[in-house]
Amino acid sequence: MKRKLLAALLACTVATPALADVLIDNVEGLTIDENGKVKRFTALVIDDDGKIAQVLERGDRKPQTDFREDGQGRVMIPGLIDAHAHVMGIGIGALTLDLSDTNSLDEALEKIRTFAAENEARPWILGRGWNQEKWGLGRFPTAAELDSAVSDRPVYLQRVDGHAGWANSLAMEAAGITAATKNPSGGRVERLPGSQVPSGVFVDGAEDLMTRAIPAPRPVERDLAFAEAQRVLHRFGITAVADMGTTIEDWQAYRRAGDAGTLTLRIMAYAGGPENMELIAGARPSPWLYEDKLRLNGVKLYMDGALGSRGAWLKRPYADDPGNTGLPLMTGAQLRNILVRAAQGNFQPAIHAIGDAADAEVLNAITEIAESFPGDRRWRVEHAQIVDPADLPLFGQHGIIASMQPVHQTSDRLMAEARLGPDRLEGAYAWNTILSLGGRLAFGSDAPVESPDPFAGLAAASTRMDANGQPFGGWRPQDRVNREQALAGFTIDAAFAGFAEGRFGRLLPGERADFVLVDRDPLLATPAELRATKVLETWVGGRKVYDAD
Ligand SMILES: [Zn+2]
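A brief structural summary. (Residues numbered from 1 in each chain as written. Predicted model: local features only at pLDDT ≥ 70, side-chain atom pairs only at ≥ 80, totals over all residues. Heavy atoms only, no water.)

1. So, helix 15 (residues 454–463)
And then number 1: Burial within helix 15 is extensive, with 10 of its 10 residues counted as buried.
And then number 2: Taken together, the buried positions of helix 15 are P454, F455, A456, G457, L458, A459, A460, A461, S462 and T463.
And then number 3: Its side-chain oxygen 2.9 Å from the backbone nitrogen of F455, D453 forms the N-cap of helix 15.
And then number 4: Positive backbone phi, approximately 55°, marks R464, located one or two places after helix 15. (Buried < 20%, exposed > 50% of the residue type's maximum accessible area, 1.4 Å probe, protein only. Helix = DSSP H or I, 4+ residues; strand = E, 2+ residues; numbered from the N terminus. Polar contact = N/O pair within 3.5 Å; in protein donor to acceptor, adjacent residues only side chain to side chain.)

2. A few points about helix 9 (residues 273–281)
And then number 1: Within the sequence span of helix 9, burial applies to G273, P274, N276, M277 and I280. All buried residues of helix 9 fall inside an arc of 160° around its axis, so they share one side. Seen from the open side of helix 9, the exposed residues pointing more than 90 degrees away from its buried face are E275 and L279.
And then number 2: Among the residues trailing helix 9, G282 stands out with phi positive, at a value near 75°. (Arc of directions from axis to C-beta.)

3. Here's the deal with the sheet that holds strand 5 (residues 52–56)
And then number 1: An order of 5-4-1-6 is seen for the 4 strands of this open sheet, with the pairing classed as mixed. Edge positions in the sheet fall to strand 5 and strand 6 (67–70), since each has one partner strand and no second. Across this sheet, the average inter-strand angle for adjacent strands is 15°, counted without regard to direction.
And then number 2: Here strand 4 (residues 43–46) runs beside strand 5; their pairing, made up of 4 bridges, is antiparallel. Looking at strand 5, one finds that A43 is bridged to L56. (Pairing = 2+ DSSP bridges. Axes fitted to C-alpha atoms, helices over the stretch in contact; angles between N-to-C directions.)

4. Quick notes on the sheet that holds strand 23 (residues 535–540)
And then number 1: In spatial order, the strands read 3-2-7-22-23-24; together these 6 strands make up an open sheet with mixed pairing. Edge positions in the sheet fall to strand 3 (38–41) and strand 24 (543–547), since each of these pairs with one other strand and no more. Pairwise comparison of adjacent strand axes, ignoring direction, gives a mean angle of 25° for this sheet.
And then number 2: Two elements, strand 7 (residues 75–78) and strand 22 (residues 515–518), share 4 bridges in a ladder whose sense is antiparallel. Note on strand 22: the bridge partner recorded for V75 is V518.

5. Points about the coordination of the zinc ion
Six octahedral donors around a metal ideally subtend angles of 90 or 180 degrees, whereas four tetrahedral donors ideally subtend 109.5 degrees.
And then number 1: Ligation of the zinc ion by protein atoms is provided by H84 (NE2), H86 (NE2) and D446 (OD), these donors lying 2.1 Å from the ion.
And then number 2: Between the donor residues of the zinc ion, the gaps in sequence give the motif H-x1-H-x359-D. Linking H84 in strand 8 (residues 80–85) with D446 in the loop between strand 21 (440–443) and helix 15, this pair joins segments that are 362 residues apart in sequence. Each member of the pair H84 and D446 is classed as buried. (Donors = N, O, S within 2.8 Å, 3.2 Å for Na, K, Ca; no water.)

6. A few points about the packing of helix 10 (residues 332–344) against helix 11 (residues 356–372)
And then number 1: In contact at an axis separation of 10 Å, helix 10 and helix 11 are set at 45° when each is read in the N-to-C sense. On the basis of the axis angle, helix 10 is oblique to helix 11. Where helix 10 crosses over helix 11, the handedness of that crossing is right-handed. Taken together, the residues of helix 11 that come into contact with helix 10 (itself represented by G332, L335, R336, L339 and V340) are E361, V362, N364, A365, I366, E368 and I369.
And then number 2: In the contact of helix 10 with helix 11, the residues fall into 7 nonpolar, 2 polar and 3 charged. (Parallel < 35°, antiparallel > 145°, perpendicular 65-115°, else oblique. Left-handed = near helix turned anticlockwise from the far one by under 90°. Contact = heavy atoms within 4.5 Å. Nonpolar A, V, L, I, M, F, W, Y, C, P; charged D, E, K, R; others polar.)

7. Digging into the packing of aromatic side chains
And then number 1: One pass over the full model with this rule turns up 10 aromatic pairs.
And then number 2: Plain terms: the ring middles of F226 and Y254 are 4.9 Å apart, the flat faces sit at 50° to each other, and that makes the pair tilted. On the criterion of sequence distance, the pair formed by F226 in helix 7 (residues 219–235) and Y254 in helix 8 (residues 248–260) is long-range, its members being 28 residues apart. Like F226, the residue Y254 is buried in the burial classification.
And then number 3: Through successive ring pairs, a cluster of aromatic residues spans W130, W135, F140 and W166.
And then number 4: One residue, R380, lies across the ring of Y270, its end atom 4.8 Å from the ring centre.
And then number 5: Above the ring of W431, the side-chain terminus of R464 is found at 4.5 Å from the ring centroid. (Phe/Tyr/Trp six-rings, centres within 6.5 Å; stacked < 30°, edge-to-face > 60°. Lys NZ or Arg CZ within 6 Å of the ring centre and 35° of its normal.)

8. Some words on a nonpolar patch on the surface
And then number 1: Residues L95, V220 and L224 make up a contiguous nonpolar surface patch of about 260 Å² in total accessible area.
And then number 2: Residue placement: L224 occurs in helix 7.
And then number 3: With relative accessibility at 53%, the residue L224 sits in the exposed group. (Patch = residues over 30% accessible without salt bridge, like charges linked within 9 Å, V, L, I, M, F, W, Y side chains within 5 Å. Areas by Shrake-Rupley, 256 points an atom, 1.4 Å probe, with all protein chains shown as cover. Salt bridge = Lys/Arg side-chain N within 4 Å of Asp/Glu carboxyl O.)

9. Here's the deal with unusual backbone geometry
And then number 1: The omega torsion across A447 and P448 is 5°, close enough to zero to call that bond cis.
And then number 2: For P448, the location among the structural elements is in the loop between strand 21 and helix 15.
And then number 3: P471 follows Q470 through a cis peptide bond whose omega is -15°.
And then number 4: Its location among the elements puts P471 in the loop between helix 15 and helix 16 (483–489).
And then number 5: Of note, N26 is a non-glycine position whose phi angle comes to about 60°, a positive value.

Okay, here's the thing in structure tokens:
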């Protein structure tokens, strides 16, 4: 049986070895080791379960294996792990209208018009990625402006941060929105100046008023979107993600892929709220399924919104909007209630908190609850963008993981300065401070809010400069991390944050053989070179899932 399989493998020109032990030879390998240090190696042996059997250094004797693959001296790094992404959002985003590259309202309207014309069969035009800040508009766009592009069908477009949506008149009509529509709790219906007439933009909790009117994607559409998401992520060298806000429908799509043998991405899932948590997993987190490819770890919660739409909850008013402190999306009592319920079932909470008031509320709630639920809980705060310096030590004191997205810092820098003013940036995107206070980091992208490209994330984490090298020397450079810490953030630390250490995240014996072949050494490259890293091949569990050729 084995011989027959081997013959079949050898017959392939592009070999995808499986179910045989394989020597991947002649690589410039590197990984973070058991002690958190960089270890270099030249070859790997993968067993027939797709796990690493041996890691060989220069001069080590090569074992006899069924199959040998020549790495041709290329650089091998561990498969990259995105600690905060929205998997279905990436897939659906890739299949719907993307406005993230538009630089003006007019350019966006033109793109919307073209997309609608090219997709005549779609009853709704859906998309995302607009940003009135990037357009230099100085205000939200309106339904009337959107009507000028598409007036024959409903259109609904999410803002780049996912915290606001822009509808045309037919979409508002379909959702039953009128001047009598009230602001829901935790949300705001934007109005035309001096009136109650909805202007077409729905912020945070008010988005539900619109999204419930949109026909849900069918399972077959979800499967297509998921397949697309896997392709996109593997192309960037990503082999595992923490999926933030998994719905029961998302979970079913992942399970269908697992059952069909087409699941190639490792997913650490955080259910979208307690209802999805119970629907997906019942009383306890799921076991690891499909050879460590899928697990429901916990629950994703929202304490506040985002800075861009001024939905982030601040201790003091916005510097550029006096009187507005943003919105908490739950009361402190609701938060504590859900945290206790989650902890009772051993579910891991991952709580979105961006503003300093939101972070303080979450950190304090965890501090209180951690006393009744000791042990290895790995409480996660997602984003932790603006933290009062007085609250920063709480991360280290209670083993709280700060799950942060380096590229947010470079994208948000100017906006954060405008929103907060100069005297409130001390605890902004404070990666190194959190580490030095004994806290733990995990790095991700928040894709599709940002590109999932982990090499941009590694560069931002270690320089605090954007793709244009701005600002020179880095923004608040004392909070950058070193290159090894950045790599750990996108590999082993991201695995640890999802209770997956020992399963994947490092290239060590016993772990899954998830690795990437790239065209340069990410620890030695300059920041510009690092950003330009080309992923040549991506492997998951000893199988090639992406090949640039
Ligand atoms: Zn997110």
